[in-house]
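# Structural characterization, general
These are the residues of each chain, in order.
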Amino acid sequence: MNGLLAAKSGWGKSWYTQAWTEANVDEYDRLVVLDFKDEYRGLVKSGYAKHFIVGPREAEAFGVEEWMQFLQQNPQVVLCRHGLDEETWREEVADPVAKANRRLAGSSLTVIDEAHFVAPQRGSVPDGVKGLATTGRGEDASSLWVTQRLTEMDETVLAQMMFTILGGFTSSGDLAKVKSIVEYPKDLHNPQAGKVSHSPEELQRVDASGTKAKGGYVPALEKFTDDDGNTVGSEWIYADESGEMERKDTRNVSMESTHFGAQGKQLKSPEGA
Ligand SMILES: Nc1ncnc2c1ncn2[C@@H]1O[C@H](COP(=O)(O)OP(=O)(O)OP(=O)(O)O)[C@@H](O)[C@H]1O
Ligand SMILES: [Mg+2]
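Heads up: these notes are all about the structure in this document. (Residues numbered from 1 in each chain as written. Chains lettered and ligands numbered in written order. Predicted model: local features only at pLDDT ≥ 70, side-chain atom pairs only at ≥ 80, totals over all residues. Heavy atoms only, no water.)

## Re the overall build of the protein chain
- When its secondary structure is counted, the protein chain shows nine helices and twelve strands.
- In terms of overall dimensions, the protein chain has C-alpha extents of about 55 × 50 × 35 Å along its principal axes.
- The 273 residues of the protein chain split such that 49% are buried.
- Sequence-distant contacts, at least 24 apart, represent 69% of the contacts inside the protein chain between residues at least 6 apart.
- For the protein chain, the accessible area works out to roughly 13600 Å², and carbon and sulfur atoms hold 45% of it.
- Looking at the protein chain, you have 30 positive and 43 negative side-chain charges, and the mean spots of the two groups are 4 Å apart. (Helix = DSSP H or I, 4+ residues; strand = E, 2+ residues; numbered from the N terminus. Buried < 20%, exposed > 50% of the residue type's maximum accessible area, 1.4 Å probe, protein only. Contact = heavy atoms within 4.5 Å. Areas by Shrake-Rupley, 256 points an atom, 1.4 Å probe, with all protein chains shown as cover. Lys, Arg positive; Asp, Glu negative; His and termini not counted. Charge placed at Lys NZ, Arg CZ, Asp CG, Glu CD.)

In structure tokens:
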């Protein structure tokens, strides 16, 4: 099964992806996290995976054979990018890892954060990466593609997704892309849109008491912060090929491992608050 998790920068993609990973790791014989920004080591601390730092030396020395051996010895692993540019990460790491994973027997889950660098719209997508995305139904290789740049992701890869988990977007280019993916008003994904008419009732927000609001308008997805400006959760819409749709709020999600994402520094105005 192939899924896409996308939202604007800072929405909480990597956090939610880690929660998805944690929830699914036991279902697969192997797990590979292609950790572009070194954020998933919490999975290592909690015992879900080994940590392997992939620098120029490893990228050079490891081909498909070596990765096969490596994955046999380390079936659950977070591969952390260290000092490699996007192209090397794509061509010399993601590609042979994906090929190795497919050649080995058993099931696998591959998580690809910053997936627009691994399957870019401009330039070529390596065979192994393409193969991972186009893996037929019924095969045991699942993948989760994570990006904040929908418009920069390869079309053939995007077209293979069997489910999508989409959060908030503010740029008109991204929202236009969202429109081409979803079957409800795209403005639900625009946190600045307020209430959106003509939205399916099933995407209505569920309040703290567990009841769904009534009425024809559905609030656009929101991101939630505490008093210090830290993100404490965000809303998403899950949709799959069967037509199932669900509004999700990650304030209701708990995971065991810690996520080491960067909050991003605030800028305060010199006049003071
Ligand atoms: N449900 C949540 N509970 C607690 N913290 C959260 C939650 N969701 C997101 N965060 C925090 O918000 C910050 C931003 O999240 P994250 O790094 O996942 O964003 P992102 O969408 O992957 O951003 P980028 O596009 O920069 O990669 C992180 O510090 C993360 O730990
Ligand atoms: Mg991220």
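Here the narrative resumes.
## Describing the packing of helix α4 (residues 64–73) against helix α5 (residues 86–103)
- For the pair α4 and α5, the least separation of the axes is 8 Å and the interaxial angle reads 60°. When the axes of α4 and α5 are compared, the pair comes out oblique. When the axes of α4 and α5 are compared, the crossing they make is right-handed. On α5, the residues touching V64, E65, W67, M68 and L71 of α4 are E92, V93, P96, V97, K99, A100, N101 and R103.
- Its residues assigned to classes, the contact of α4 with α5 shows eight nonpolar, one polar and four charged. (Axes fitted to C-alpha atoms, helices over the stretch in contact; angles between N-to-C directions. Parallel < 35°, antiparallel > 145°, perpendicular 65-115°, else oblique. Left-handed = near helix turned anticlockwise from the far one by under 90°. Nonpolar A, V, L, I, M, F, W, Y, C, P; charged D, E, K, R; others polar.)

## Section: the packing of α5 against helix α7 (residues 127–134)
- Taken N-terminus to C-terminus, the directions of α5 and α7 make an angle of 50°; their axes are 7 Å apart at the nearest point. Taken together, the axes of α5 and α7 lie oblique to each other. Here the hand of the crossing between α5 and α7 comes out left-handed. Contact residues: α5 offers A94, D95, A98, K99 and R102, while α7 offers D127, G128, V129, G131 and L132.
- Looking at side-chain class alone, the contact of α5 with α7 contains four nonpolar, two polar and four charged residues.

## A closer look at the site of ligand 1
- Around ligand 1, 20 residues are found, and the nearest of them are G10, K13, S14, W15 and K37.
- A distance of 2.9 Å separates an oxygen atom of ligand 1 from a polar atom in the side chain of K37.
- In the environment of ligand 1, a nitrogen atom lies 3.2 Å from a nitrogen or oxygen atom belonging to the backbone of V232.
- Bound to the protein, ligand 1 loses 87% of the 630 Å² it would expose on its own. (Near = heavy atom within 4 Å. Polar contact = N/O pair within 3.5 Å; in protein donor to acceptor, adjacent residues only side chain to side chain.)

## Regarding the nonpolar core
- In terms of nonpolar packing, the biggest core is built from 77 residues, with L4, W67, L79, W89, V93 and W145 touching the most fellow members.
- The leading source of residues in this core is α5, at six residues.
- Residues contacting W67, with those up to four places away along its chain left out, are F52, V54, F62, L79, E92, V93, P96, V97 and A100. (Core = buried A, V, L, I, M, F, W, Y, C linked by side-chain atoms within 4.5 Å.)

## What about the pairing of strand β6 (residues 141–147)?
- Within β6, seven of the seven residues are buried, which leaves the element mostly enclosed by the surrounding structure.
- The two faces of β6 match: A141, S143, W145 and T147 on one face and S142, L144 and V146 on the other face are all buried.
- Of the pairings in the sheet, the one linking strand β1 (residues 2–6) to β6 comprises five bridges and is parallel in character. Across the sheet, residue L4 finds its bridge partner in β6, namely W145.
- Summarising the sheet, strand β5 (residues 108–112) and β6 pair through five bridges and their orientation is parallel. Looking at the pairing, T110 lines up with S143 of β6. (Pairing = 2+ DSSP bridges.)

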